[in-house]
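# Inside the fold
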Amino acid sequence: MCGIVGLHLRNPALAPRLGELLTGMLCEMQDRGADSAGIAVYGDPRWSPAGHVTVSFVPDASCVELTTGLAAEVVAGALTTAYGADVAVVDAGPTLVAHVPGGDAELDRLRTAVKEAFPEALVAGFGADVAVLKGVGHPRDLAEAYGLPAAQGWQGVGHTRMATESAVTPGGCHPYAVGPDQCLVHNGSFSNHASIRRELIAAGAEFDSMNDTEVGARFVADRLAAGYTVETALKELLTTFDGFYTLLVADGDSFAVVRDAIACKPAVIAEHDDWVAMASEYRALVGLPGIAEARIYEPEPERIYAWTR
Amino acid sequence: MDALSATTVELDLAAVPLRTVNALLQGREVEGQETLPVDTPVTLTNPRGAHAVAVGMDTPRQVTVAGHVGYYAAGMNQRADVVIEGNAGVGVAENMMSGSVLVKGNASQSAGATAHGGLLVVEGDAAARCGISMKGVDIVVGGSIGHMSAFMAQAGRLVVRGDAGEALGDSIYEARIYVRGSVASLGADCVAKEMRPEHLEELATLLKAAGFEDDDPASYTRYGSARTLYHFHVDNAAAY
């Protein structure tokens, strides 16, 4: 089934509560799938300090424990050597979050350094704003291991997985964050992902898993890199992908929801003056402040709902 | 919430397990709980989007749910009258046999699916597949309905005061559909039909039962089965 949650804050005063609210939403959706659970948090000062670029990674992509078993200082030392300057590393359970001051050039260098120091690593996400944490296990245990309740920021996306299309590994865990500051979570299945994967590989894309959702994420990233907006990229996804899907796609500016034409995978949107939230089911939204005053509705099939910061 | 009358029993879903609440509503005995007399209205507070609230009742009981519910609320209902003072998730009143279910807000997909009897009223909108495989239920929707509504409907009436989405009444059998607004498209074998006096009368009765008696039945269009798909015919192969 899988469960999706997302929270886009409009009122900066709520930023200190992002992690707490997201934890409540994620754990409420654990009944929809408890194989693994991942989150993307935008703007946490510990994981993604202002003026820094961040790479989130699982050092050993085959690891299914709640911790990497590595000390953050040791990892920071290895990355500092590979990077050639100081790298800070925050331990977030099964995922580590490395950051350095700088911009796009430093981000590319840091990704390269991670791959050099940890050749078996899975890069979960990267960018100036986002930390993407992935792991295999029960959503409640993972939220705790990530330190999610203490997270801050302006936007967050989460996913609880019931695996149907690929193995239960960190590589099969959502969100898929394959472009800078992008992330995508999916409830459903793509039926023509194999052919689209082949086309993307022919165009130069590299994949981390055999997961169908990763194809969707790489497709969106490919279009965004070509200059599309999130909205136009999703429009093309709608005409390209067969299958059942509710998708939540976010980047450094936006937060968007789209469903396929059949729309059998659930989705509920709640809009409030202070926030916009989306979840697979209403019960994930119950704990949000002011939910009683929010406008609650289901997104229509093949319509793109997008909000920008 | 408003003060409840002295004769109303309140059950708090934040304090009493849903399984216990449903057992009490079904008239079963639960250790440590007083059984609920049939003639006492019951209000359920704090539903918080829970699934399967007030399912499987089989007595003429009045139940009010104070808030939003999740999947399959009031499913398999017989004889009870349920009011949901909020939105309902997937499959509200699924397989209802008799009684009534009133949703004050919006309903998600598959409202009234496979229901054999009773009255389902959704004051707001209902999403996709409203009345899918309906088998005798009456459904009145105050707003609009989503795509593939009344798919494979076999019996009963579906009234829509707003608009209908794509493929309305796809592969419909004998159910009757009344829509006041626009219909995005009709599904296979579903056609617009004449509103004869008996249909105007039937629709007026349904609208009144649902609390929309001010509507003019003549402003609705009737849809139903063209009956070309009842038996396989090779000329219809493309329509299956």
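Small disclaimer: the values here were computed from a predicted structure and weren't measured.

Rules used throughout
Residues numbered from 1 in each chain as written. Chains lettered and ligands numbered in written order. Predicted model: local features only at pLDDT ≥ 70, side-chain atom pairs only at ≥ 80, totals over all residues. Heavy atoms only, no water. Core = buried A, V, L, I, M, F, W, Y, C linked by side-chain atoms within 4.5 Å. Buried < 20%, exposed > 50% of the residue type's maximum accessible area, 1.4 Å probe, protein only. Helix = DSSP H or I, 4+ residues; strand = E, 2+ residues; numbered from the N terminus. Contact = heavy atoms within 4.5 Å. Buried area = accessible area lost by both parts, 1.4 Å probe. Salt bridge = Lys/Arg side-chain N within 4 Å of Asp/Glu carboxyl O. Polar contact = N/O pair within 3.5 Å; in protein donor to acceptor, adjacent residues only side chain to side chain. Patch = residues over 30% accessible without salt bridge, like charges linked within 9 Å, V, L, I, M, F, W, Y side chains within 5 Å. Areas by Shrake-Rupley, 256 points an atom, 1.4 Å probe, with all protein chains shown as cover. Expected span 1.5 Å × (residues − 1). Pairing = 2+ DSSP bridges. Axes fitted to C-alpha atoms, helices over the stretch in contact; angles between N-to-C directions. UniProt positions renumbered as here; feature names shortened; annotations may be inferred. Arc of directions from axis to C-beta. Right-handed = clockwise from strand over helix to strand, strands pointing away.

### Section: the nonpolar core
Counting residues in each nonpolar core, the largest one holds 52 residues, and the members touching the most others are Leu44, Val92, Val101, Leu120 and Leu158 of chain B. In terms of residue count, helix α1 (residues 18-25) of chain B provides more of this core than any other element does, 4 residues in total. The next biggest cluster of nonpolar side chains, apart from the first, holds 38 residues, and it includes Leu21, Tyr146, Leu148 and Ile296 of chain A.

### Here's the deal with the interface of chain B and chain A
Counting residues at the interface gives 12 residues for chain B, matched by 16 residues for chain A. Where chain B abuts chain A, roughly 1100 Å² becomes buried across the two surfaces, and 49% of that area is made up of carbon and sulfur atoms. Joining chain B to chain A, the criterion identifies 0 salt bridges. At the boundary of chain B and chain A, one finds 9 residue pairs in polar contact (both at pLDDT 80 or more).

### As for a nonpolar patch on the surface
All names here are of chain B. Together, Met152, Tyr173 and Tyr230 make up an exposed nonpolar region whose accessible area comes to about 260 Å². You can see Tyr173 is positioned in the loop between β8 (155-160) and β9 (176-179). Taking the relative accessible area as the measure of exposure, Tyr173 reaches 35% and is therefore partly exposed.

### Looking at helix α6 (residues 212-225) of chain A
Residue and element names in this part refer to chain A. With 14 residues, α6 extends 20 Å from end C-alpha to end C-alpha; this agrees with the ideal 20 Å at 1.5 Å per step. Among the 14 residues of α6, 12 are classified as buried, and the element is accordingly described as predominantly covered. Of all the residues in α6, the buried ones are Asp212, Thr213, Glu214, Val215, Gly216, Ala217, Arg218, Phe219, Val220, Ala221, Arg223 and Leu224. The N-capping residue of α6, defined by a side-chain oxygen 2.6 Å from the backbone nitrogen of Thr213, is Asn211.

### Considering the sheet that holds strand β9 (residues 183-190) of chain A
Residue and element names in this part refer to chain A. Here 4 strands make up an open sheet; going across it, the order is β9-β10-β11-β15 and the pairing antiparallel. Of all the strands in the sheet, the pair left with one neighbour each is β9 and β15 (305-308). Ignoring strand direction, the axes of neighbouring strands in this sheet form an average angle of 5°. Packed on one face of the sheet, helix α7 (residues 230-240) meets β10 (243-250) and β11 (254-259) and runs near 15° to β11.

### A look at the UniProt feature "domain: Glutamine amidotransferase type-2" (unreviewed entry) in chain A
Per the UniProt record, "domain: Glutamine amidotransferase type-2" (unreviewed entry) is annotated on residues 2-309 of chain A. For residues 2-309 of chain A, the helix share is 26%, the strand share is 29%, and the end-to-end C-alpha distance is 27 Å.

### Describing helix α4 (residues 139-146) of chain A
Residue and element names in this part refer to chain A. The complete set of buried residues in α4 reads Pro139, Leu142, Ala143 and Tyr146. Angularly, the buried residues of α4 cover 100° about the axis, an arc narrow enough to put them on a single face. Here the buried face of α4 lies against α1 (18-28), β2 (36-42), β4 (88-92), β5 (95-101), β7 (130-133) and β8 (155-161). Count one or two residues on from α4 and you reach Gly147, which has phi positive near 80°.

### Some points on unusual backbone geometry
Between His174 of chain A and the following residue, Pro175 of chain A, the backbone shows a cis peptide bond with an omega angle of 0°. Although it is not a glycine, Asn46 of chain B adopts a positive phi angle of roughly 55°. Tracing the backbone shows Asn46 of chain B in the loop between β2 (42-45) and β3 (62-66). Overall, Asn46 of chain B belongs to the partly exposed group, its relative accessible area being 35%. The residue Asn95 of chain B is not glycine, and still its phi comes out positive at about 55°.

### Examining the sheet that holds β5 of chain A
Residue and element names in this part refer to chain A. Spatially, 4 strands are ordered β4-β5-β3-β6 in an open sheet, and the strand pairing comes out antiparallel. Strands at the two margins of the open sheet, each flanked by one partner only, are β4 and β6 (122-127). Direction aside, neighbouring strands of the sheet carry axes that sit 20° apart on average. Pairing analysis gives 5 bridges linking β4 to β5, with the strands arranged antiparallel. When the sheet's bridge partners are listed, Asp91 is paired in β5 with Leu96. Where helix α3 (residues 104-117) meets the sheet, its contacts fall on β3 (52-58), β5 and β6, and the angle it forms with β3 comes to roughly 25°.

### Quick notes on the environment of Ala204 of chain B
Residues and elements named next belong to chain B. Structurally, Ala204 is set in helix α2 (residues 197-209). In this structure Ala204 comes out as partly exposed when scored by relative accessible area, which is 32%. Along the primary structure Ala204 and Pro47 are separated by 157 residues, whereas in three dimensions their C-alpha atoms are 34 Å apart.

### Quick look at the environment of Ile296 of chain A
You can see Ile296 of chain A is positioned in strand β14 (residues 295-297). Those residues in contact with Ile296 of chain A, other than ones at most four positions away along the chain, are Val268, Ile269, Ala270, Tyr282 and Ile291 of chain A together with His68, Asn87 and Asn106 of chain B.

### A few points about the pairing of β3 of chain B
All names here are of chain B. Taking every second residue as pointing to the same face, the buried face of β3 carries Val63 and Val65, while none of Gln62, Thr64 and Ala66 on the other face is buried. Note: β2 against β3, 4 bridges, orientation parallel. If you follow Leu44 over to β3, its bridge partner there is Val65.

### Focus on the pairing of strand β1 (residues 9-12) of chain B
Residues and elements named next belong to chain B. Sheet analysis places β1 next to β2, joined by 4 bridges and oriented parallel. Bridging from a neighbouring strand, Asp12 pairs with Thr45 of β2. Of the crossover connections in this fold, the one passing from β1 over α1 to the parallel β2 is right-handed.

### Comments concerning the pattern of salt bridges
Residue and element names in this part refer to chain A. For the structure shown, the criterion picks out 21 salt bridges over all chains. A salt bridge links Arg32 to Glu281; the shortest N-O distance between them is 2.7 Å. Of this pair, Arg32 sits in the loop between α1 and β2 while Glu281 is found in the loop between β13 (275-279) and β14, placing the two residues 249 residues apart along the sequence. Residue Arg32 is classed as buried on the basis of its relative accessible area of 3%. Notably, a salt bridge pairs Arg223 with Asp222, separated by 2.4 Å at the nearest N-O pair. When its relative accessible area of 31% is taken as the criterion, Asp222 is described as partly exposed.

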